[in-house]
Every structure is written in structure tokens, then in C-alpha cells.
Amino acid sequence: MKKLLIANRGEIARRIIKTCKRLNIETVAIYSEADEQLPYVKEADYSFHIGPSQVQQSYLKADEIIELAKREGVDAIHPGYGFLSENAEFARKAEAAGIKFIGPKPETIEKMGDKIESRITMIKANVPVVPGTEEGLNSLEAALEAANQIGYPIMLKASAGGGGIGMIKCDDEATLSKHFDSIKTRAKSYFGSDIVFLEKFIEASRHIEVQIFGDTKGNIVHLFERNCSVQRRNQKVLEESPSPNFPEEARLKLYEAAVNAAKAVDYVNAGTVEFIVDQEHQFYFLEMNTRLQVEHPVTEAVTGFDLVEWQLKVAEGEELPVKEQQNITSNGHAFEFRIYAEDPKTFFPSPGTISTLSWGDLTEVRVDAGYEEGDKVTPFYDPMISKVIIHADNRKLAIEKAQKLFSSAKIEGVKTNIPLFNQFLHDSNFTSGIYSTSVLGEWMAKQREEISK
């Protein structure tokens, strides 16, 4: 592989460029009008304007990206995450053009991108699945009947959805009736399909995912788990590995289920199997993400592997760099903190120019940044500024290191969630490691209550 096009932007584009530079692979970047001055555009070997700021007119223009790749004579396309990363048709078009797609087979993307079909596939593979419906719900009446059989609370979800979009918790018939049509409309708008289904809502659950990797020779391994239970609006804010308060017996069963899930679809390249874990440590398949995850640096920190390098080698037809499971070890404890340009109280985006960006002491701290001081955060994309990855010998030391960093970090010009991390990292529920997906919401409610007193 000599030349690679990155069909993405921001920090993940920079992340891919970093590995490509080390491997002497030339990089081709694409940028929209809004992103012309961002660091990744300057760091790539070649950069091309792809269109206006709106994603539909730039980063989602699959045909134009393929034509650019052909014109530039690239060997491969890395889609990053989001945008076209889980678009099976884009992967097919790349392959038809003789260009390697850095990811799983289009058929796998298609099958796992449909949440209903993925549920059925996992049931056949004997992977535990959250109780729910195995077919799309066309009417409110059908949804109400199914919900009564499953039992409230339930989650109403878009079958083609992801990233926390197109889903809502329904505690009763009134809530389900109120949101059924709007979720179908939202699903159609975001994902091109209005098919929805129901899943049982598991109370006080944790969101734990397993990083899996497969090659074209039939080797499939796991690279341990990440706990992604600190969330806002069903979207991850903080991830850690290993997952605290998780018995080793349950952990090993989780790994086995994830590998079985990957084998069921002959998985190739990087992927993530996501599970919901209840209070008794029973786990249930949630979905499979057929791409590199935002939080992949957590796994890189505890394993020492470069997952982008693994992706490139597998795409070239090589075996996994380490194909024997017993030779893959996890060391210490790692966190990833997603730094957003947003109001930490409302989570509303806060676009603007970053006038000051100072992290303080970054000894043994990794920052994957999409923006630098002086750059403008626009309202057109996800407002994540950077990811801060902290690794230490144990969880307590990693938390202390994070507390120290966020107490001195300073970003001005836009609002960020740094003040939130600065306070939340002292929450006893979080520091104890005994927390569920409701931990952040409960902590914020407690903060508001104390302020109102």
C-alpha cells in the first residue's frame, strides 16, 4: 500500500495520517469549505476540496470521493468512523473501482447495520440478545401489543440507527404512543429507513463493548473490553478499560460471546461488539459496529497495539499481527475523555473560535485533537474538539492523573465539557467503579438540586 485516501475529517483523519506517515504511506485528505484551515488538511500529503460545509454536499458524496480516489491513483480508502464508514454501497463501489476498503466486507456491514437482522443473526449464533421484536413495527397498534408482551420500560429504536440517534426510552403506553411516529420520521431522515423495533430496557445496566479483529485467513481475536457507561443523550462521553466491578468469569464469557458473534459473520478487520450488562452481570448483545470506534485509543493504551496499522495490514491480505489469543495481554488501566465544544449544563453545541487551548502537563497523556488554538469549531459537524487518553498502572492512579489534568486544562472561545469532567471525576459513584449508564444524569440532577437549595 503506497497511497491512501481518508474519507473523513478532524481528529480521526489526523490519527490515520499519523500511522500512515510511520508506515511511509502517502495520504490524500478531503475537506469541506468549513474545514479548509484545520490541521489534518495541512498534515496530509495531498488535500482536495470536496464541497460546501453541509455533510450531504461534501463528506457524504460517495461517488465524487470514489472518482477522486481513482484520479489520484490511491490503493485504499479509510472511512474513519461516522459518515460513510458503515455504508455498504460505498464499500462496494470502492472495491469495484479496484480500491481496498479499510473495513469489513460490504455484506457484513449490510447485515450488522440492520439492527433487526443483526439480532436474528446473533440468536442463531447463540449469543444472548436483549428481549425484543424480531421484525419491524409498521403501526402503533403493533408496537403497543409487542410492548405489553415484552413489558415496560422498553426502548423504541430505529433498525438502521446508531450513535444514540433514533431511539427513546418508553416507560408506558402514553410515551410510546407519543413518540412512535416521530421516531419513524427521524429514522427515515437520518438513516433512509423508517423501520423501528422494540427492545426491553434493562434497568441500572452498563454498556460494555468488546474490540474484535479478524483477518482474511479466518483468524479472529478479541482485544478486551471497554466500559462506555458514562453517557449523555445515549451517547458516550467517557470510556475505560478494563471495566471495573466486573467478575472475571463474566468477563471471559463476554469475550467468548463477542468472538462467536464475529465468527457468525466471518468478520474481517476492526469491529466492536456492544453489550448491555445487568446488575447480576448477565450480558445481552446490543449491536455490532463494523468500523473503527471513536474510543479505539483506550484499547491501544492497554494493549500497546496500533489498531490503524492492524487495519491496513489486514486490508492488504496479511494475517493479524498477533493471531494467538494467549499472546494478547492487557496492561494497566486507561480512560478516554471526549472533549466537546458544548455547554456542560445543557449539552448544546458551542461553536466559535478557540482562542486559548492549554492542557498543562501532558506527561504520559495522549491527546488526539481535531483542532488547535485559533481554529474555528463550526456548527456543521459533531462538536468534539479532541480526545484525551490517560493510562496508568491502575484505575485509581489513572483517575488521579485525569483529575490533575482537568483542573489545569484551559480552553477559551467556546464552552467545553472540561468543567463537567473536573467535577464529575470526584463523584463517589464513578470513582468506586460501581456505576450504570444513568450515572452522569443522576450526578447532574444532584448538582442542580444542590444549586437550587
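Residues take numbers from 1 onward in each chain, read along the sequence in its written order. Whole-chain, interface and lining totals are the exception, using all residues; otherwise, since this is a predicted model, local features are given only for residues with pLDDT of at least 70 and side-chain atom pairs are given and counted only at 80 or more. In computing side-chain properties, one takes all heavy atoms of the structure into account and sets aside hydrogens as well as water.

### Here's the deal with the overall build of the protein
Part 1 of the argument: Each helix and strand in the protein was counted, giving 15 helices and 20 strands.
Part 2 of the argument: Counting the 453 residues in the protein, one finds 57% classified as buried.
Part 3 of the argument: Residue contacts follow a heavy-atom distance rule, with two residues in contact if any of their heavy atoms lie within 4.5 Å. Across the protein, the fraction of contacts at a sequence separation of at least 24, relative to all contacts at a separation of at least 6, is 66%.
Part 4 of the argument: Computed by Shrake-Rupley with a 1.4 Å probe, the accessible areas treat only the displayed protein chains as cover when residues are assessed. With an accessible surface of roughly 18700 Å², the protein has 48% of that area assigned to carbon and sulfur atoms.
Part 5 of the argument: All tallies of charge rest on Lys and Arg as positive and Asp and Glu as negative; His and the ends of each chain are not included. Here the site of a charge means NZ on Lys, CZ on Arg, CG on Asp, or CD on Glu. In the protein, the 53 positive side-chain charges and the 68 negative ones have mean positions that sit 2 Å from each other. Note on conventions: DSSP H or I runs of at least 4 residues are helices, E runs of at least 2 residues are strands, and numbering of each starts at the N terminus. Note on exposure labels: buried denotes an accessible area under 20% of the residue type's maximum, exposed denotes more than 50%, and partly exposed covers the range between, all computed with a 1.4 Å probe on protein chains only.

### Quick word on the sheet that holds strand β1 (residues 3-6)
Pairing between sheet strands relies on hydrogen bonds along the backbone, with the strands arranged either parallel or antiparallel.
Part 1 of the argument: Pairing in this open sheet of 5 strands is parallel, and the strands run β3-β2-β1-β4-β5 from one edge to the other. The open sheet has two edge strands with one neighbour each: β3 (46-51) and β5 (100-101).
Part 2 of the argument: As judged from the 5 bridges shared by strand β2 (residues 26-32) and β3, these two strands associate in the parallel manner. By the bridge assignment, S32 is partnered in β3 with G51. In this analysis, strands are considered paired if DSSP registers two or more bridges between them.

### What about the sheet that holds strand β7 (residues 165-170)?
Part 1 of the argument: Strand order in this open sheet of 3 strands is β7-β6-β8, and the pairing throughout is antiparallel. Each having just a single partner strand, β7 and β8 (196-200) make up the two edges of the open sheet. Strand-to-strand twist of the sheet, defined as the mean angle between neighbouring strand axes without regard to direction, takes the value 30°.
Part 2 of the argument: As paired strands, strand β6 (residues 154-162) and β8 are joined by 5 bridges and run antiparallel to one another. By the bridge assignment, M155 is partnered in β8 with E199. All axes here are fitted lines through C-alpha atoms, helices being fitted over the stretch that makes contact, and every angle between N-to-C directions spans 0 to 180 degrees.

### Structural notes on helix α10 (residues 296-303)
Part 1 of the argument: When you tally the buried positions in α10, you get 7 out of 8 residues, the bulk of the element.
Part 2 of the argument: Looking at α10, one finds that the buried residues are H296, P297, V298, T299, E300, V302 and T303.
Part 3 of the argument: With its phi angle positive at about 85°, G304 sits one or two positions after the end of α10.

### Concerning the pattern of salt bridges
Part 1 of the argument: Whenever a carboxyl oxygen of Asp or Glu lies within 4 Å of a side-chain nitrogen of Lys or Arg, that contact is scored as a salt bridge. Inspection of the entire model under this criterion finds 40 salt bridges.
Part 2 of the argument: In this structure, R232 engages E342 in a salt bridge whose closest nitrogen and oxygen atoms are separated by 2.9 Å. Here R232 is found in strand β10 (residues 220-232), whereas its partner E342 is found in the loop between β14 (333-340) and β15 (352-353), with 110 residues between them in sequence. E342 carries the same exposure label as R232, and that label is buried.
Part 3 of the argument: Within the structure, one salt-bridge network assembled from shared partners comprises R15, R22, E300, D306, E309, K313, R366 and D368.

### Looking at unusual backbone geometry
Part 1 of the argument: The omega torsion of the bond from Y152 to P153 falls at -5°, within 30 degrees of zero and hence cis.
Part 2 of the argument: Relative to the helices and strands, P153 is located in the loop between α7 (140-150) and β6.
Part 3 of the argument: Residue S241 is joined to P242 through a cis peptide bond whose omega torsion reads 0°.
Part 4 of the argument: Note that P242 resides in the loop between β11 (235-241) and α9 (248-264).
Part 5 of the argument: Although it is not a glycine, R233 adopts a positive phi angle of roughly 55°.
Part 6 of the argument: Tracing the chain through its elements places R233 in the loop between β10 and β11.
Part 7 of the argument: Note on R233: relative accessible area 48%, which makes it partly exposed.

### Some remarks on the environment of Q235
Part 1 of the argument: Turning to its location among the elements, Q235 is positioned in strand β11.
Part 2 of the argument: Residue classification places Q235 among the partly exposed positions, given a relative accessible area of 23%.
Part 3 of the argument: Here the alpha-carbon distance between Q235 and G164, two residues 71 residues apart in the chain, equals 5.3 Å.

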